[in-house]
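The lines below spell out each chain.
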Amino acid sequence: MLRAFFLLGLMIVALPARAADLPPEVDHLLWCSSAFYWLSADASDAGQSAEADSYDQWSDLLSQRAATALTALGYSPEEISDLGDSYDNAVVNELKSPQGRYDPASCAAFLVD
């Protein structure tokens, strides 16, 4: 049991350290993907289904682009999934605060091919 807690602790410590090594563009992609995810949920809650669908599609697109970049950097599928979850948790709090890492309006630049 103690060994399991030790390994869990190592995984928790390793994830943020690995995330800190991300290139800025990948960090921004992950942040925007999570921001669009939460904006989709907000639009859906407000009954704006067309807007919610757009945000959801954009979130998926940016998530796929980030996953491609992370795979090229040597991240495993499990690490990519965990990283996405950690961004979702961080971004929801940042969107509630007056100042986040990025302005959600900056995410539109990633939607252009």
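Residues numbered from 1 in each chain as written. Predicted model: local features only at pLDDT ≥ 70, side-chain atom pairs only at ≥ 80, totals over all residues. Heavy atoms only, no water.

(A) Region of the structure containing the pattern of salt bridges. The full count for this structure, using the stated rule, is two salt bridges. A salt bridge links Arg101 to Asp27; the shortest N-O distance between them is 2.9 Å. Here Arg101 is found in the segment after α4 (77-96), whereas its partner Asp27 is found in helix α2 (residues 24-45), with 74 residues between them in sequence. Assessed through its relative accessible area of 39%, Arg101 is described here as partly exposed. Residue class for Asp27 comes out buried when judged on its relative accessible area of 12%. (Salt bridge = Lys/Arg side-chain N within 4 Å of Asp/Glu carboxyl O. Helix = DSSP H or I, 4+ residues; strand = E, 2+ residues; numbered from the N terminus. Buried < 20%, exposed > 50% of the residue type's maximum accessible area, 1.4 Å probe, protein only.)

(B) Inspection of the environment of Asn93 at higher detail. For Asn93, the location among the structural elements is in helix α4. For Asn93, a relative accessible area of 49% corresponds to the partly exposed category. Reaching out from Asn93, the side chain makes a polar contact with the backbone oxygen of Asn89 at a distance of 3.2 Å. (Polar contact = N/O pair within 3.5 Å; in protein donor to acceptor, adjacent residues only side chain to side chain.)

(C) Just the layout of surface pockets, in detail. Reported here for the largest pocket is a volume of approximately 250 Å³. Taken together, 16 residues make up the lining of the largest pocket; nearest its centre are Ser33, Ser59, Ser63, Gly84 and Asp88. Residues belonging to the lining of the largest pocket are distributed by class as follows: six nonpolar, six polar and four charged. (1 Å grid on protein atoms, 1.4 Å probe; cavity = no way out; pocket = protein on both sides within 12 Å on 5 of 7 lines; lining within 4 Å. Points joined across faces, edges and corners; volume = space filled by probe spheres on them. Nonpolar A, V, L, I, M, F, W, Y, C, P; charged D, E, K, R; others polar.)

(D) Up close: the packing of aromatic side chains. In the structure shown here, the tally under the stated rule is five aromatic pairs. Ring centres 5.6 Å apart and planes at 65 degrees place the aromatic pair Trp31 and Tyr102 in the edge-to-face group. Of this pair, Trp31 sits in helix α2 while Tyr102 sits in the segment after α4; the two residues are 71 residues apart in sequence, bridging distant segments of the chain. Between Tyr55 and Trp58, the aromatic rings sit 5.6 Å apart at their centres with planes inclined by 85 degrees, giving edge-to-face as the arrangement. (Phe/Tyr/Trp six-rings, centres within 6.5 Å; stacked < 30°, edge-to-face > 60°.)

By themselves, these figures tell us nothing about what the structure is for.
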